[in-house]
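Notes for the structure review
For reference, the chains in residue letters:
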Amino acid sequence: MREAHQDAVGRVDQQRLWQRHAEMAQIGAIPGNGVNRAALSAEDIAARKLLISWAQARNFSIGVDDIGNLFVRREGLDPAAPPVMTGSHMDSQPRGGRFDGMFGVLAGFEALEAIDDAGVKTQRAIEVVAWTNEEGGRFPPCTMGSAVYTGQRPLADFLDVRDNEGIVLRDALAATLAATPQATRREFNSPAAAYVEAHIEQGPLLENANKTIGVVTGIQGLRWFNIEVFGKTDHAGTTPLALRQDALRDAVAIINALHELTRDAADTVRFTVGRMLVTPNSTNSVASHVLFSVDLRHPDPATIDRLGKAVEPLAVKTAQQCRVRVTPTLHNNPCVFDPLIVGAVENAARELGLPNMRLASGASHDANYMARICPSGMIFVPCEKGVSHNEAENAKPEDLAAGAKVLAATLLELANR
């Protein structure tokens, strides 16, 4: 590692990084030390404004695109050269933790600050991006901002999506964009030289192996669906079971059939129903309509393809009394990260003397889409007991700082190539 790069990496400030997390965690704080910071909400806007204030204090430039992805840029010696990018997201699950996503944004910003403190010039600009709606908890599907930015999905596909309260995404997005007028508009699919995303592991492998850095080799495949079951509302006390069109009963049968479809002795398949809306949602009324989500994941392309194709025919076949509609909402094939980026991360960890291991990501990330337009990779740090999407999510300050150091070293290497 070059001497100037060593100086910059050494300026990563563990206390400053930890304090930034504490300040962000106050925005949308909920009992249990967690956060509820939904995408395009008032809390999301507040987090954006705080990040912008820190960037302005450093004279970093600020950009935003039409889906609200927020970019913080430290200029390089060659303004025309495609930048090296890093980042993650600031939105959370409804009962989320302080580090999921936010660590990647703050580690990237800490790397910029450390490089700036050292006065190191880079050939390429380095940009930190806070992606819009990575979680998909309010407006499904997930990784929406990066999908639109990279041209994998048009913005128009999502503008009419509604949250559980009926708020339309286009309205929430307009309010978010209006709240940060100081950001210059950025075009979708702008050229990038590379992308590196830091994240907590969201699993127990690093902690169990006593490793500080996860060198991420790829991301498993994912399929999301909305399944709707259409029945008829009747009185719960007077309508015989044989005469009912009970949407909830058929929905439960479909879920059970999907459980059987995804049964896996190796415990590699991931099947989740995490969202369900029932109408009229009354104790003494037969359900007339049920909407529920399906989340399927597997690292093998053939397996995730087979399972994904089986969902609709199985759901239609299983329903006994009701009509069924299956809508695919997300289709991500397994992603393999560029060996150049994987090697750069691994070399940085080794040079810093940090215990590391290679592993794949079970969770989806914005890096999945960025890998389609530029060499990409990820850096994992441990989280306590592998807990995530939960208020109890926790990470050690020293592990976060170690991840930020590896990130800074990797960005410097890539920005000077």
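This text goes with the structure placed above it.
Numbering of residues starts from 1 in every chain and runs along the sequence as written. The predicted origin of the model limits local features to residues at a pLDDT of at least 70 and limits the giving and counting of side-chain atom pairs to 80 or more, whereas totals for whole chains, interfaces and linings rest on all residues. Side-chain measures here rest on the full set of heavy atoms in the structure, leaving out hydrogens and waters.

Attention shifts here to the overall build of the protein. Strands here are runs of E lasting at least two residues and helices are runs of H or I lasting at least four, both read from the DSSP assignment and numbered beginning at the N terminus. Looking only at helices and strands, the protein features 12 helices and 17 strands. When its C-alpha atoms are laid out on the principal axes, the protein stretches across 80 × 45 × 40 Å. Per-residue accessibility, obtained with a 1.4 Å probe over protein chains only, is compared with the maximum for each type, and a residue is labelled buried under 20%, exposed over 50%, and partly exposed between these values. Taking all 417 residues of the protein together, 58% fall into the buried category. By definition in these notes, contact holds between two residues if any of their heavy atoms fall within 4.5 Å. Counted over contacts in the protein with a minimum sequence separation of 6, partners at least 24 positions apart contribute 80%. Of the roughly 16,900 Å² of accessible surface on the protein, a fraction of 49% belongs to carbon and sulfur atoms. For the accessible areas, the method is Shrake-Rupley and the probe is 1.4 Å, while residue cover comes only from the protein chains on display.

Further remarks concern the packing of helix α2 (residues 14-25) against helix α3 (residues 42-57). Only C-alpha atoms enter the line fits that serve as axes; for helices the fit covers just the stretch in contact. Angles between N-to-C directions range over 0 to 180 degrees. Where α2 contacts α3, the axes come no closer than 10 Å and their chain directions differ by 145 degrees. Seen along the crossing, α2 lies across α3 with a hand that is right-handed. Where α2 approaches α3, its residues Arg 20, Glu 23 and Met 24 are matched on the opposing element by Ala 47, Leu 50, Leu 51 and Trp 54. As a working rule, the residues Ala, Val, Leu, Ile, Met, Phe, Trp, Tyr, Cys and Pro are called nonpolar, Asp, Glu, Lys and Arg charged, and the rest polar, with Gly in that last group. Classifying every residue of the contact of α2 with α3 gives five nonpolar, no polar and two charged. Handedness of a crossing is defined here by the sense of rotation of the near helix relative to the far one, left-handed for an anticlockwise turn of less than a right angle and right-handed for a clockwise turn.

Once that is clear, we can look at the pattern of salt bridges. Every case where a carboxyl oxygen of Asp or Glu lies within 4 Å of a side-chain nitrogen of Lys or Arg is listed as a salt bridge. One pass over the full model with this rule turns up 28 salt bridges. Two residues, Arg 16 and Glu 113, come together in a salt bridge whose shortest N-O distance is 3.6 Å. Residue Arg 16 is located in helix α2, and its partner Glu 113 is located in helix α4 (residues 102-118); the two are separated by 97 residues in the primary sequence. We note a salt bridge from Glu 113 to Arg 20, for which the minimum N-O separation is 2.8 Å. On the criterion of sequence distance, the pair formed by Glu 113 in helix α4 and Arg 20 in helix α2 is long-range, its members being 93 residues apart. Residue Glu 113 shares its accessibility class with Arg 20, and that shared class is buried. A single network of salt bridges, built from pairs that share partners, joins Arg 16, Arg 20, Arg 58, Arg 74, Glu 110, Glu 113, Asp 116 and Asp 117.

Take the packing of helix α8 (residues 247-261) against helix α9 (residues 301-318) next. Two elements in contact, α8 and α9, have axes whose closest approach is 9 Å; the angle formed by their N-to-C orientations is 145 degrees. For α8 against α9, the interelement crossing comes out right-handed. Contacts between α8 and α9 pair Ala 253, Ile 254, Ala 257, Leu 258 and Leu 261 from the former with Leu 307, Ala 310, Val 311, Leu 314, Ala 315 and Thr 318 from the latter. Residue composition of the contact of α8 with α9, by class: 10 nonpolar, one polar and no charged.

Burial analysis of strand β6 (residues 126-131) places six of its six residues in the buried class, which makes it a mostly covered element. Here β6 shows a buried face lined by Ile 126, Val 128 and Ala 130 and a second buried face lined by Glu 127, Val 129 and Trp 131. After leaving strand β5 (residues 84-89), the chain enters α4 and then returns to the sheet as β6, a path that is right-handed. By convention, a crossover is right-handed whenever its connection, traced from the first strand over the helix to the second and viewed with the strands pointing away, goes clockwise.

This brings us to the nonpolar core. Buried residues of nine kinds, namely Ala, Val, Leu, Ile, Met, Phe, Trp, Tyr and Cys, make up a nonpolar core once their side-chain atoms join them within 4.5 Å. Residues Met 24, Leu 51, Met 85 and Ile 213 are the most contacted members of the largest nonpolar core, which totals 95 residues. Those residues in contact with Ile 213 that sit more than four places away from it in its chain are Leu 206, Ala 349, Leu 354, Pro 355, Asn 356, Met 357, Ile 379, Phe 380, Val 381, Ala 402, Gly 403 and Val 406. In this structure, Ala 247, Ala 251, Val 269 and Ala 315 belong to the second largest nonpolar core, which totals 23 residues.

Turning next to the side chain of Glu 201. With respect to the helices and strands, the residue Glu 201 is situated in the loop between β8 (194-200) and α7 (205-209). No salt bridge is formed by the buried Glu 201; its nearest oppositely charged neighbour, Arg 270, is found at 10 Å. Side-chain polar atoms of Glu 201 contact the backbone nitrogen of Leu 205, separated by 3.0 Å. Excluding residues within four positions of it along the chain, Glu 201 makes contact with Leu 206, Glu 207, Leu 359, Phe 380, Val 381 and Cys 383. Positive charges are assigned to Lys and Arg, negative charges to Asp and Glu, while His and the chain termini are left out of the count. What qualifies as a polar contact is a pair of N or O atoms within 3.5 Å, subject to a donor-acceptor requirement within protein and to the restriction that residues adjacent in sequence count only when both atoms come from side chains.

What follows concerns the state of the cysteines. Any two cysteine sulfur atoms within 2.5 Å of one another count as a disulfide. Under the defined criterion, the tally for this structure stands at zero disulfides. Between Cys 142, a cysteine without a disulfide, and Cys 335, which holds the nearest cysteine sulfur, the sulfur-to-sulfur distance is 14 Å.

In this structure, Pro 141 follows Pro 140 across a cis peptide bond, with omega equal to 10 degrees. Here Pro 141 is to be found in the loop between β6 and α5 (144-149). A positive phi angle, close to 75 degrees, is found at Asn 33, a residue other than glycine. Among the structural elements, Asn 33 can be located in the loop between β1 (29-30) and β2 (34-35). Even without a glycine there, the phi angle at Asn 133 is positive, about 50 degrees. Secondary-structure assignment places Asn 133 in the loop between β6 and α5.

To continue, consider the side chain of Ser 388. Mapped onto the secondary structure, Ser 388 falls in the loop between β17 (376-381) and α12 (397-415). Classification of Ser 388 as buried rests on a relative accessible area of 17%. At 2.7 Å, the side chain of Ser 388 forms a polar contact with the side chain of Glu 393. With residues near it in sequence (within four places) discarded, Ser 388 still touches Asp 100, Ile 200, Gln 202 and Glu 393.

A few words on α4. With 17 residues, α4 should cover 24 Å at 1.5 Å per step; its first-to-last C-alpha distance of 24 Å lies within 8% of that length. Among the 17 residues that make up α4, 15 are buried, leaving the element largely enclosed by the rest of the structure. Note on α4: the residue one or two positions beyond its end, Gly 119, has a positive phi of about 70 degrees. Expected span of a helix: the number of residues minus one, times 1.5 Å.

This brings us to the environment of Gln 6. By secondary structure assignment, the location of Gln 6 is in helix α1 (residues 3-10). Residue class for Gln 6 comes out partly exposed when judged on its relative accessible area of 46%. Along the sequence, Gln 6 and Asp 250 sit 244 residues apart, while their C-alpha atoms lie 61 Å from each other.

Honestly, it's all geometry; don't read function into it.
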